[in-house]
Amino acid sequence: MNDMDTRARARIDLGALRANVAALRARTPGAAFMAVVKADGYGHGMVRCARAALAAGAGWIGVATPEEALALRAAGIGARVLCWLWTPGGPWRECVEADIDVTVSARWALDEVTRAASETGRTARVQLKLDAGLGRNGAQPAEWPGLTAAARAAEDAGLIRVTGLWSHFSCADEPGHPSIARELAVFRTALAQAEEAGLTPEVRHMANSPATLTLPEARFDMVRPGIAMYGISPVPQLGGPADFGLRPVMRLTARLASVKRVPGGHGVSYGRHYVTPGETTLALVPLGYADGVPRHASSAGPVLVAGKWRVVAGRVAMDQFVVDLGGDAAEAGDEAVLFGPGDDGEPTAEDWARACGTIAYEIVTRIGPRVPREYVDTADGPAAVPADSGGR
Ligand SMILES: *Cc1c(COP(=O)(O)O)cnc(C)c1O
(Lines give C-alpha, C1' and ligand atoms only; values in the text may rest on other atoms or scores of the structure.)
Protein backbone atom coordinates (compact mmCIF):
# COMPACT_ATOMS: atom_id res chain seq x y z
CA MET A 1 0.00 0.00 0.00
CA ASN A 2 0.91 3.63 -0.29
CA ASP A 3 1.76 4.80 3.24
CA MET A 4 1.61 8.43 2.11
CA ASP A 5 -2.10 8.11 1.42
CA THR A 6 -3.81 8.98 4.69
CA ARG A 7 -7.15 9.63 2.98
CA ALA A 8 -8.75 6.22 3.00
CA ARG A 9 -7.96 2.55 3.13
CA ALA A 10 -9.51 -0.87 2.77
CA ARG A 11 -8.17 -3.12 5.49
CA ILE A 12 -8.12 -6.74 4.37
CA ASP A 13 -8.04 -9.34 7.11
CA LEU A 14 -6.31 -12.38 5.64
CA GLY A 15 -6.78 -14.30 8.90
CA ALA A 16 -10.53 -13.90 8.50
CA LEU A 17 -10.26 -15.09 4.89
CA ARG A 18 -8.37 -18.21 5.94
CA ALA A 19 -10.90 -18.87 8.71
CA ASN A 20 -13.73 -18.49 6.18
CA VAL A 21 -12.09 -21.01 3.84
CA ALA A 22 -11.66 -23.40 6.77
CA ALA A 23 -15.31 -22.95 7.78
CA LEU A 24 -16.51 -23.59 4.24
CA ARG A 25 -14.29 -26.65 3.89
CA ALA A 26 -15.60 -28.02 7.19
CA ARG A 27 -19.14 -27.77 5.77
CA THR A 28 -18.19 -29.58 2.56
CA PRO A 29 -16.33 -32.74 3.59
CA GLY A 30 -15.03 -34.79 0.70
CA ALA A 31 -15.26 -31.94 -1.81
CA ALA A 32 -12.22 -30.18 -3.24
CA PHE A 33 -12.20 -26.38 -2.87
CA MET A 34 -11.77 -23.86 -5.67
CA ALA A 35 -11.23 -20.34 -4.30
CA VAL A 36 -12.71 -17.81 -6.73
CA VAL A 37 -10.52 -14.68 -6.85
CA LYS A 38 -11.70 -13.04 -10.10
CA ALA A 39 -12.12 -9.26 -10.28
CA ASP A 40 -9.08 -8.64 -8.07
CA GLY A 41 -10.39 -11.00 -5.43
CA TYR A 42 -13.79 -9.24 -5.40
CA GLY A 43 -11.84 -6.06 -4.65
CA HIS A 44 -9.76 -7.64 -1.86
CA GLY A 45 -6.58 -8.27 -3.88
CA MET A 46 -6.33 -11.29 -6.17
CA VAL A 47 -2.84 -12.61 -5.38
CA ARG A 48 -2.95 -12.04 -1.62
CA CYS A 49 -6.34 -13.71 -1.37
CA ALA A 50 -5.31 -16.63 -3.58
CA ARG A 51 -2.27 -17.23 -1.34
CA ALA A 52 -4.34 -17.04 1.83
CA ALA A 53 -6.95 -19.45 0.43
CA LEU A 54 -4.26 -21.94 -0.60
CA ALA A 55 -2.71 -21.68 2.87
CA ALA A 56 -6.11 -22.58 4.33
CA GLY A 57 -6.38 -25.68 2.16
CA ALA A 58 -7.89 -24.60 -1.15
CA GLY A 59 -6.60 -26.86 -3.92
CA TRP A 60 -7.74 -24.80 -6.88
CA ILE A 61 -8.03 -21.13 -7.82
CA GLY A 62 -10.82 -19.89 -10.10
CA VAL A 63 -10.82 -16.70 -12.16
CA ALA A 64 -12.93 -15.38 -15.01
CA THR A 65 -10.39 -14.25 -17.60
CA PRO A 66 -7.22 -15.83 -18.98
CA GLU A 67 -5.41 -12.58 -18.17
CA GLU A 68 -6.26 -13.06 -14.50
CA ALA A 69 -5.02 -16.66 -14.66
CA LEU A 70 -1.73 -15.59 -16.26
CA ALA A 71 -1.30 -12.85 -13.63
CA LEU A 72 -1.57 -15.51 -10.90
CA ARG A 73 1.17 -17.55 -12.58
CA ALA A 74 3.31 -14.41 -13.03
CA ALA A 75 2.99 -13.85 -9.27
CA GLY A 76 4.40 -17.33 -8.69
CA ILE A 77 1.22 -19.21 -7.82
CA GLY A 78 1.73 -22.79 -8.98
CA ALA A 79 -1.61 -24.30 -7.88
CA ARG A 80 -4.27 -25.49 -10.32
CA VAL A 81 -5.99 -22.46 -11.86
CA LEU A 82 -9.19 -22.55 -13.92
CA CYS A 83 -10.41 -19.64 -16.06
CA TRP A 84 -13.68 -19.55 -17.96
CA LEU A 85 -14.33 -16.33 -19.86
CA TRP A 86 -12.75 -16.58 -23.31
CA THR A 87 -13.17 -14.70 -26.54
CA PRO A 88 -11.88 -15.80 -29.94
CA GLY A 89 -8.16 -15.15 -30.39
CA GLY A 90 -7.51 -15.24 -26.62
CA PRO A 91 -4.16 -16.25 -25.08
CA TRP A 92 -4.68 -20.01 -25.43
CA ARG A 93 -1.02 -20.67 -26.12
CA GLU A 94 0.17 -18.74 -23.09
CA CYS A 95 -2.36 -20.52 -20.88
CA VAL A 96 -1.46 -23.97 -22.22
CA GLU A 97 2.22 -23.21 -21.64
CA ALA A 98 1.42 -22.01 -18.10
CA ASP A 99 -0.50 -25.24 -17.29
CA ILE A 100 -3.75 -23.39 -16.71
CA ASP A 101 -7.01 -25.33 -16.92
CA VAL A 102 -9.04 -23.58 -19.60
CA THR A 103 -12.79 -23.73 -20.07
CA VAL A 104 -14.37 -24.65 -23.39
CA SER A 105 -18.05 -23.86 -23.97
CA ALA A 106 -18.21 -24.06 -27.77
CA ARG A 107 -16.58 -25.69 -30.80
CA TRP A 108 -14.63 -22.57 -31.80
CA ALA A 109 -12.95 -22.63 -28.40
CA LEU A 110 -12.10 -26.33 -28.71
CA ASP A 111 -10.60 -25.60 -32.14
CA GLU A 112 -8.49 -22.75 -30.76
CA VAL A 113 -7.20 -24.71 -27.77
CA THR A 114 -6.33 -27.81 -29.82
CA ARG A 115 -4.42 -25.57 -32.25
CA ALA A 116 -2.52 -24.01 -29.32
CA ALA A 117 -1.76 -27.52 -28.02
CA SER A 118 -0.33 -28.72 -31.31
CA GLU A 119 1.71 -25.51 -31.71
CA THR A 120 3.22 -25.80 -28.24
CA GLY A 121 3.58 -29.58 -28.25
CA ARG A 122 1.84 -29.74 -24.89
CA THR A 123 -1.36 -31.39 -23.72
CA ALA A 124 -3.91 -28.71 -22.84
CA ARG A 125 -6.00 -29.10 -19.69
CA VAL A 126 -9.57 -28.45 -20.73
CA GLN A 127 -12.79 -28.25 -18.73
CA LEU A 128 -16.08 -28.41 -20.61
CA LYS A 129 -18.86 -26.12 -19.48
CA LEU A 130 -22.57 -26.85 -19.80
CA ASP A 131 -25.33 -24.25 -19.89
CA ALA A 132 -27.81 -25.98 -17.59
CA GLY A 133 -30.22 -23.05 -17.73
CA LEU A 134 -28.38 -19.85 -16.82
CA GLY A 135 -28.26 -18.77 -20.45
CA ARG A 136 -24.82 -17.22 -20.23
CA ASN A 137 -21.75 -19.18 -21.29
CA GLY A 138 -21.63 -22.96 -21.63
CA ALA A 139 -22.73 -25.38 -24.29
CA GLN A 140 -26.45 -25.94 -24.73
CA PRO A 141 -27.60 -29.48 -23.84
CA ALA A 142 -28.28 -30.07 -27.55
CA GLU A 143 -24.64 -29.23 -28.40
CA TRP A 144 -23.20 -31.24 -25.51
CA PRO A 145 -22.96 -34.68 -27.19
CA GLY A 146 -21.14 -33.14 -30.17
CA LEU A 147 -18.79 -31.14 -27.95
CA THR A 148 -17.95 -34.09 -25.70
CA ALA A 149 -17.33 -36.36 -28.71
CA ALA A 150 -15.01 -33.79 -30.27
CA ALA A 151 -13.20 -33.35 -26.95
CA ARG A 152 -12.78 -37.12 -26.64
CA ALA A 153 -11.30 -37.23 -30.14
CA ALA A 154 -8.86 -34.46 -29.21
CA GLU A 155 -7.88 -36.50 -26.15
CA ASP A 156 -7.19 -39.49 -28.39
CA ALA A 157 -5.00 -37.27 -30.54
CA GLY A 158 -3.02 -36.34 -27.40
CA LEU A 159 -3.88 -32.67 -27.73
CA ILE A 160 -6.03 -32.18 -24.67
CA ARG A 161 -6.97 -33.83 -21.43
CA VAL A 162 -10.51 -33.15 -20.18
CA THR A 163 -9.88 -32.40 -16.51
CA GLY A 164 -13.33 -31.18 -15.57
CA LEU A 165 -17.01 -30.86 -16.41
CA TRP A 166 -18.95 -28.02 -14.89
CA SER A 167 -21.92 -25.72 -14.87
CA HIS A 168 -23.31 -22.72 -12.96
CA PHE A 169 -26.73 -22.15 -11.33
CA SER A 170 -29.09 -19.34 -12.24
CA CYS A 171 -30.92 -19.06 -8.89
CA ALA A 172 -28.87 -20.83 -6.21
CA ASP A 173 -29.31 -17.72 -4.06
CA GLU A 174 -33.07 -18.35 -3.97
CA PRO A 175 -33.28 -21.69 -2.12
CA GLY A 176 -36.28 -23.70 -3.25
CA HIS A 177 -36.45 -22.01 -6.66
CA PRO A 178 -37.75 -24.63 -9.14
CA SER A 179 -34.84 -23.95 -11.53
CA ILE A 180 -32.39 -25.42 -9.02
CA ALA A 181 -33.64 -29.01 -9.24
CA ARG A 182 -34.12 -28.64 -13.00
CA GLU A 183 -30.56 -27.39 -13.59
CA LEU A 184 -29.12 -30.12 -11.34
CA ALA A 185 -30.98 -32.73 -13.41
CA VAL A 186 -29.72 -31.22 -16.68
CA PHE A 187 -26.15 -31.28 -15.33
CA ARG A 188 -26.48 -34.90 -14.15
CA THR A 189 -27.73 -35.96 -17.58
CA ALA A 190 -24.80 -34.19 -19.21
CA LEU A 191 -22.36 -35.92 -16.84
CA ALA A 192 -23.82 -39.30 -17.79
CA GLN A 193 -23.53 -38.48 -21.50
CA ALA A 194 -19.92 -37.40 -21.05
CA GLU A 195 -19.15 -40.64 -19.28
CA GLU A 196 -20.71 -42.60 -22.14
CA ALA A 197 -18.56 -40.59 -24.52
CA GLY A 198 -15.53 -41.87 -22.62
CA LEU A 199 -14.55 -38.75 -20.69
CA THR A 200 -13.03 -39.27 -17.24
CA PRO A 201 -12.76 -35.83 -15.60
CA GLU A 202 -10.87 -35.20 -12.36
CA VAL A 203 -13.54 -32.81 -11.11
CA ARG A 204 -17.23 -32.19 -11.72
CA HIS A 205 -18.48 -28.98 -10.13
CA MET A 206 -21.45 -26.64 -9.99
CA ALA A 207 -21.63 -25.01 -6.55
CA ASN A 208 -21.05 -21.26 -6.09
CA SER A 209 -21.30 -19.79 -2.58
CA PRO A 210 -25.06 -20.06 -2.12
CA ALA A 211 -25.06 -23.67 -3.38
CA THR A 212 -22.02 -24.47 -1.22
CA LEU A 213 -23.96 -23.32 1.85
CA THR A 214 -27.45 -24.57 1.06
CA LEU A 215 -27.30 -27.46 -1.45
CA PRO A 216 -25.22 -30.47 -0.37
CA GLU A 217 -26.45 -32.39 -3.44
CA ALA A 218 -24.75 -29.82 -5.70
CA ARG A 219 -21.22 -30.35 -4.37
CA PHE A 220 -20.14 -33.17 -6.71
CA ASP A 221 -16.29 -33.31 -6.54
CA MET A 222 -15.60 -29.65 -5.80
CA VAL A 223 -17.20 -26.43 -4.56
CA ARG A 224 -16.41 -23.09 -6.14
CA PRO A 225 -17.22 -20.30 -3.70
CA GLY A 226 -16.31 -16.65 -4.10
CA ILE A 227 -18.30 -14.20 -1.98
CA ALA A 228 -18.60 -16.46 1.08
CA MET A 229 -14.82 -16.66 1.29
CA TYR A 230 -14.77 -12.87 1.67
CA GLY A 231 -17.14 -13.23 4.62
CA ILE A 232 -20.33 -12.01 2.98
CA SER A 233 -23.54 -14.02 3.09
CA PRO A 234 -24.70 -15.04 -0.40
CA VAL A 235 -28.21 -15.63 1.00
CA PRO A 236 -28.81 -12.64 3.30
CA GLN A 237 -32.50 -13.55 3.48
CA LEU A 238 -31.46 -16.77 5.29
CA GLY A 239 -28.79 -15.35 7.54
CA GLY A 240 -25.82 -13.06 7.93
CA PRO A 241 -22.16 -14.11 7.77
CA ALA A 242 -22.01 -15.17 11.43
CA ASP A 243 -24.91 -17.57 10.90
CA PHE A 244 -22.69 -19.44 8.42
CA GLY A 245 -19.51 -19.15 10.50
CA LEU A 246 -18.12 -16.42 8.25
CA ARG A 247 -16.55 -13.05 8.97
CA PRO A 248 -16.31 -10.07 6.57
CA VAL A 249 -12.75 -9.58 5.35
CA MET A 250 -12.85 -5.95 4.17
CA ARG A 251 -13.14 -2.85 6.35
CA LEU A 252 -13.37 0.46 4.45
CA THR A 253 -12.47 3.66 6.26
CA ALA A 254 -11.60 7.24 5.46
CA ARG A 255 -10.31 10.16 7.48
CA LEU A 256 -12.46 13.27 7.58
CA ALA A 257 -11.05 15.93 5.26
CA SER A 258 -13.05 18.77 6.78
CA VAL A 259 -15.34 19.42 9.74
CA LYS A 260 -17.09 22.77 9.88
CA ARG A 261 -20.03 24.64 11.31
CA VAL A 262 -22.56 25.93 8.80
CA PRO A 263 -25.77 27.87 9.26
CA GLY A 264 -29.25 26.46 8.72
CA GLY A 265 -30.54 26.46 5.14
CA HIS A 266 -27.09 25.59 3.73
CA GLY A 267 -27.12 23.38 0.63
CA VAL A 268 -24.94 20.25 0.63
CA SER A 269 -23.30 18.83 -2.50
CA TYR A 270 -24.40 19.01 -6.15
CA GLY A 271 -28.04 19.76 -6.75
CA ARG A 272 -28.65 20.90 -3.14
CA HIS A 273 -30.56 17.68 -2.46
CA TYR A 274 -29.77 18.13 1.21
CA VAL A 275 -30.27 21.47 2.96
CA THR A 276 -29.24 21.81 6.60
CA PRO A 277 -32.32 21.96 8.81
CA GLY A 278 -30.57 24.34 11.23
CA GLU A 279 -27.07 25.37 12.27
CA THR A 280 -25.03 22.18 12.27
CA THR A 281 -21.67 20.51 11.74
CA LEU A 282 -20.82 19.01 8.35
CA ALA A 283 -18.08 16.40 7.95
CA LEU A 284 -16.47 15.71 4.59
CA VAL A 285 -15.62 12.08 3.80
CA PRO A 286 -12.97 11.93 1.04
CA LEU A 287 -14.35 8.94 -0.91
CA GLY A 288 -16.62 9.13 -3.91
CA TYR A 289 -17.96 7.20 -6.84
CA ALA A 290 -14.49 7.13 -8.43
CA ASP A 291 -13.49 5.01 -5.42
CA GLY A 292 -16.52 2.75 -5.77
CA VAL A 293 -18.92 4.46 -3.37
CA PRO A 294 -22.10 4.11 -5.42
CA ARG A 295 -23.77 7.35 -6.50
CA HIS A 296 -26.97 5.49 -5.67
CA ALA A 297 -25.86 5.87 -2.04
CA SER A 298 -26.77 9.56 -2.27
CA SER A 299 -29.03 10.39 0.72
CA ALA A 300 -28.95 6.68 1.62
CA GLY A 301 -25.55 5.15 2.44
CA PRO A 302 -24.73 4.57 6.14
CA VAL A 303 -21.43 5.71 7.73
CA LEU A 304 -20.14 5.48 11.28
CA VAL A 305 -18.74 8.89 12.27
CA ALA A 306 -18.25 10.29 15.79
CA GLY A 307 -19.79 7.21 17.37
CA LYS A 308 -23.07 7.14 15.44
CA TRP A 309 -24.49 5.96 12.14
CA ARG A 310 -25.03 8.87 9.77
CA VAL A 311 -26.56 8.86 6.33
CA VAL A 312 -24.84 10.39 3.30
CA ALA A 313 -26.17 13.98 3.07
CA GLY A 314 -27.08 14.79 -0.52
CA ARG A 315 -25.21 13.47 -3.52
CA VAL A 316 -22.13 11.30 -3.58
CA ALA A 317 -19.62 13.13 -5.80
CA MET A 318 -16.67 11.67 -7.69
CA ASP A 319 -14.21 11.99 -4.82
CA GLN A 320 -16.19 12.89 -1.72
CA PHE A 321 -19.45 13.02 0.16
CA VAL A 322 -20.77 14.83 3.23
CA VAL A 323 -22.44 13.73 6.44
CA ASP A 324 -24.36 15.94 8.86
CA LEU A 325 -23.10 15.46 12.42
CA GLY A 326 -25.91 17.50 13.95
CA GLY A 327 -24.69 18.71 17.33
CA ASP A 328 -21.89 16.12 17.60
CA ALA A 329 -18.21 17.02 17.70
CA ALA A 330 -15.49 15.70 15.40
CA GLU A 331 -12.24 16.93 13.93
CA ALA A 332 -10.58 16.73 10.57
CA GLY A 333 -8.58 13.50 10.56
CA ASP A 334 -11.13 11.51 12.59
CA GLU A 335 -12.08 8.13 11.19
CA ALA A 336 -15.25 7.46 9.22
CA VAL A 337 -16.11 3.77 8.83
CA LEU A 338 -18.18 2.99 5.75
CA PHE A 339 -18.35 -0.73 6.33
CA GLY A 340 -16.63 -3.61 8.09
CA PRO A 341 -17.42 -6.82 9.96
CA GLY A 342 -19.98 -4.88 12.01
CA ASP A 343 -18.73 -5.77 15.46
CA ASP A 344 -17.60 -2.26 16.37
CA GLY A 345 -20.99 -0.83 15.52
CA GLU A 346 -20.11 0.01 11.93
CA PRO A 347 -22.36 -0.75 8.96
CA THR A 348 -21.62 -3.79 6.81
CA ALA A 349 -21.29 -4.14 3.03
CA GLU A 350 -24.74 -5.77 3.20
CA ASP A 351 -26.12 -2.57 4.81
CA TRP A 352 -24.68 -0.59 1.89
CA ALA A 353 -26.14 -3.02 -0.60
CA ARG A 354 -29.60 -2.66 0.91
CA ALA A 355 -29.29 1.14 0.96
CA CYS A 356 -28.27 1.19 -2.71
CA GLY A 357 -30.62 -1.45 -4.09
CA THR A 358 -27.80 -3.82 -5.04
CA ILE A 359 -25.94 -6.84 -3.66
CA ALA A 360 -22.93 -6.79 -1.34
CA TYR A 361 -20.85 -8.44 -4.11
CA GLU A 362 -21.03 -5.17 -6.04
CA ILE A 363 -20.22 -3.00 -3.00
CA VAL A 364 -16.89 -4.70 -2.21
CA THR A 365 -15.89 -5.51 -5.80
CA ARG A 366 -16.17 -1.91 -6.97
CA ILE A 367 -13.87 -0.40 -4.34
CA GLY A 368 -11.34 1.03 -6.75
CA PRO A 369 -7.57 1.05 -7.13
CA ARG A 370 -7.28 4.56 -5.67
CA VAL A 371 -8.06 3.09 -2.24
CA PRO A 372 -4.92 1.45 -0.84
CA ARG A 373 -5.36 -2.07 0.55
CA GLU A 374 -3.79 -2.69 3.93
CA TYR A 375 -3.26 -6.37 4.71
CA VAL A 376 -3.58 -7.51 8.31
CA ASP A 377 -3.72 -10.95 9.80
CA THR A 378 -5.87 -11.55 12.83
CA ALA A 379 -4.83 -14.44 15.03
CA ASP A 380 -8.13 -16.35 14.90
CA GLY A 381 -7.55 -17.92 11.49
CA PRO A 382 -5.64 -21.17 11.05
CA ALA A 383 -1.90 -20.62 11.01
CA ALA A 384 -0.61 -19.60 7.61
CA VAL A 385 1.66 -22.10 5.96
CA PRO A 386 4.19 -20.92 3.40
CA ALA A 387 2.74 -20.59 -0.09
CA ASP A 388 3.61 -23.46 -2.39
CA SER A 389 5.73 -21.22 -4.56
CA GLY A 390 7.73 -18.03 -4.59
CA GLY A 391 6.83 -14.55 -5.68
CA ARG A 392 5.57 -11.62 -3.62
C1 LIG B 1 -18.15 -15.76 -9.76
C2 LIG B 1 -18.33 -17.18 -9.99
C3 LIG B 1 -18.33 -18.09 -8.91
C4 LIG B 1 -18.35 -17.66 -7.47
O5 LIG B 1 -19.65 -17.16 -7.18
P6 LIG B 1 -20.04 -16.70 -5.71
O7 LIG B 1 -21.51 -16.48 -5.77
O8 LIG B 1 -19.28 -15.45 -5.45
O9 LIG B 1 -19.65 -17.79 -4.81
C10 LIG B 1 -18.36 -19.44 -9.20
N11 LIG B 1 -18.40 -19.87 -10.48
C12 LIG B 1 -18.44 -19.03 -11.52
C13 LIG B 1 -18.51 -19.56 -12.90
C14 LIG B 1 -18.41 -17.66 -11.33
O15 LIG B 1 -18.45 -16.84 -12.36
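Rules used in this analysis
Residues numbered from 1 in each chain as written. Predicted model: local features only at pLDDT ≥ 70, side-chain atom pairs only at ≥ 80, totals over all residues. Heavy atoms only, no water. Pairing = 2+ DSSP bridges. Helix = DSSP H or I, 4+ residues; strand = E, 2+ residues; numbered from the N terminus. Contact = heavy atoms within 4.5 Å. Axes fitted to C-alpha atoms, helices over the stretch in contact; angles between N-to-C directions. UniProt positions renumbered as here; feature names shortened; annotations may be inferred. Left-handed = near helix turned anticlockwise from the far one by under 90°. Nonpolar A, V, L, I, M, F, W, Y, C, P; charged D, E, K, R; others polar. Near = heavy atom within 4 Å. Polar contact = N/O pair within 3.5 Å; in protein donor to acceptor, adjacent residues only side chain to side chain. Areas by Shrake-Rupley, 256 points an atom, 1.4 Å probe, with all protein chains shown as cover. Salt bridge = Lys/Arg side-chain N within 4 Å of Asp/Glu carboxyl O. Buried < 20%, exposed > 50% of the residue type's maximum accessible area, 1.4 Å probe, protein only. Right-handed = clockwise from strand over helix to strand, strands pointing away.

Draft legend 1. View of the sheet that holds strand β8 (residues 203-207). Taken together, eight strands build a closed barrel; the order of strands is β2-β3-β4-β5-β6-β7-β8-β9 and the barrel is parallel. Across four bridges, the pairing between strand β5 (residues 101-104) and strand β6 (residues 124-129) is parallel. Residue pairing in the sheet places D101 in a bridge with R125 of β6. Along the sheet face, helix α4 (residues 66-74) touches β3 (60-63) and β4 (80-83) and points at about 160° away from the line of β4.

Draft legend 2. Seen up close, the UniProt feature "binding site: substrate" (unreviewed entry) in the protein. Mapped onto the present numbering, the UniProt feature "binding site: substrate" (unreviewed entry) falls on R136 and M318. Across 183 residues, the annotated set is spatially dispersed, with a maximum C-alpha separation of 32.5 Å. Summarising the element assignment, R136 is placed in the loop between β6 and α7 (144-156). Among the structural elements, M318 can be located in the loop between β16 (308-313) and β17 (321-326). When residues no more than four places from it in sequence are discounted, the contact partners of M318 are G288, Y289, A290, D291 and R370.

Draft legend 3. Structural detail: the packing of α7 against helix α8 (residues 178-196). Viewed as axis vectors pointing N to C, α7 and α8 meet at an angle of 35°, and their least axial separation amounts to 9 Å. In the crossing of α7 with α8, the sense of the turn from one axis to the other is right-handed. For the pair formed by α7 and α8, the contact residues are W144, P145 and T148 on the first element and A190, Q193 and A194 on the second. Tallied by class, residues from the contact of α7 with α8 come to four nonpolar, two polar and no charged.

Draft legend 4. Highlighting the site of the ligand. Around the ligand, the structure places 13 residues, and the nearest of them are K38, Y42, S209, G226 and Y361. K38 is positioned such that a nitrogen or oxygen atom in its side chain is 2.6 Å from an oxygen atom of the ligand. In the model, an oxygen atom of the ligand is placed 2.5 Å from a nitrogen or oxygen of the S209 side chain. Its free accessible area being 390 Å², the ligand has 95% of it covered by the protein chains. Of all the secondary structure elements, the ones that give two or more residues to the shell around the ligand are α2 (38-42) and α9 (209-214). Each residue belonging to the shell around the ligand can be placed in one class, and the counts come to seven nonpolar, four polar and two charged.

Draft legend 5. Examining the pattern of salt bridges more closely. The tally for this structure, following the rule as stated, stands at 22 salt bridges. Notably, a salt bridge pairs D101 with R125, separated by 4.0 Å at the nearest N-O pair. Of this pair, D101 sits in strand β5 while R125 sits in strand β6, placing them 24 residues apart in sequence. For D328, the salt bridge goes to R310, with nearest N and O atoms at 2.9 Å. Residue D328 is found in the loop between β17 and β18 (335-339), and its partner R310 is found in strand β16; the two are separated by 18 residues along the sequence.

Draft legend 6. Region of the structure containing the UniProt feature "active site" (unreviewed entry) in the protein. Those residues carrying the UniProt feature "active site" (unreviewed entry) are K38 and Y270 in this numbering. Taken along the chain, the residues just named run across 233 residues; in space they spread out, the farthest C-alpha pair reaching 34.7 Å. Looking at where K38 falls in the secondary structure, it is placed in helix α2. Using a relative accessible area of 27% as the deciding quantity, one classes K38 as partly exposed. Excluding residues within four positions of it along the chain, K38 makes contact with G62, V63, A64, E68 and W84. Along the chain, Y270 turns up in the loop between β12 (267-268) and β13 (274-275). Not counting residues up to four positions away in its chain, the partners in contact with Y270 are R315 and A317.

Draft legend 7. View of the environment of V81. Structurally, V81 is set in strand β4. Judged by its relative accessible area of 0%, V81 falls in the buried class. Along the sequence, V81 and A35 sit 46 residues apart, while their C-alpha atoms lie 9.4 Å from each other. Not counting the four nearest positions on each side in its chain, V81 is found in contact with I61, V63, A69, L72, R73, I100 and D101.

Draft legend 8. Geometry of the pairing of β4. Residue alternation in β4 divides its side chains into two sets, R80 and L82 and V81 and C83, and both sets are buried. Direction of pairing for β3 relative to β4: parallel, over a ladder of four bridges. Its bridge partner being in β4, W60 is matched across the sheet by R80. For the crossover from β3 across α4 to β4, the handedness is right-handed. With two bridges connecting them, β4 and β5 associate as parallel partners. When the bridges of β5 are listed, C83 appears paired with V102. With respect to chirality, the unit in which β4 leads through helix α5 (residues 92-97) into the neighbouring parallel β5 is right-handed.

Draft legend 9. Unusual backbone geometry, seen in detail. Positive phi, close to 50°, is recorded for A39, a residue that is not glycine. Of note, A39 is situated in helix α2. We note that S269 has phi near 70°; this positive angle belongs to a residue other than glycine.

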